[in-house]
Amino acid sequence: MGTRYNRFFGPVRDAMMRWLFWFVVLLAVVWWVRRRFFAADSSGPSGAGGVGRKQRKSSGEAESMVQCARCGVFVPASEAVRADGQTFCCEAHRQEGARARK
Ligand SMILES: [Zn+2]
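Given the structure is predicted, the values throughout are model-derived calculations rather than measurements.

K.L.:
Help me out: how do you make sense of the overall build of the chain in this one?
P.N.:
When helices and strands are tallied, the chain shows 2 helices and 4 strands. Helices and strands in the chain line up, N terminus first, as α-β-β-β-β-α. For the chain, the residues scored as buried account for 9% of the 102 residues in total. In the chain, of all internal contacts separated by at least 6 residues, the share reaching a separation of at least 24 is 9%.

Structure (structure tokens):
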């Protein structure tokens, strides 16, 4: 009975293992994509302690834009460099703006 039992469940187990393999691969891809998006979103690892789903304060298009006081370019508020109540698009313009004030 043992051989007939294995002959029936062998292919089934193989199919399940194949399915499991692709499921793990899919999970890995999803995890990798999520990690990439989170890294680009909030510049930094989310830490070891996963506290459920992290609530995002705002989506990309809902984020407020601020204008560079030096060149007038609009940049997302999270990427802007702030100094003396003014906002700049980058560190170089912040320094130029500070120099222009003096
Ligand atoms: Zn600028």
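K.L.:
When you look at the environment of Pro-76 in this model, what are you seeing that I'm missing?
P.N.:
Relative to the helices and strands, Pro-76 is located in strand 2 (residues 74-76). Contacts of Pro-76, omitting those with residues within four sequence positions, involve Glu-63 and Met-65.

K.L.:
Just checking my understanding: could you explain the nonpolar core for this structure?
P.N.:
Nonpolar side chains tend toward joint burial in soluble globular proteins. Of all hydrophobic cores here, the largest spans 5 residues; its members are Val-66, Ala-69, Ala-80, Phe-88 and Cys-89. Each residue touching Ala-80, except ones within four places of it in the same chain, is listed here: Val-66, Val-75, Thr-87, Phe-88 and Cys-89.

K.L.:
Teacher, can you tell me more about unusual backbone geometry here?
P.N.:
Even without being a glycine, Asp-84 presents a positive backbone phi close to 55°. Within the fold, Asp-84 resides in the loop between strand 3 (81-83) and strand 4 (86-88).

What counts, and where the lines are drawn
- Residues numbered from 1 in each chain as written.
- Predicted model: local features only at pLDDT ≥ 70, side-chain atom pairs only at ≥ 80, totals over all residues.
- Helix = DSSP H or I, 4+ residues; strand = E, 2+ residues; numbered from the N terminus.
- Buried ≥ 20, exposed ≤ 12 C-beta atoms within 10 Å, placed from the backbone.
- Contact = placed C-beta atoms within 7 Å.
- Core = buried A, V, L, I, M, F, W, Y, C linked by C-beta atoms within 7 Å.

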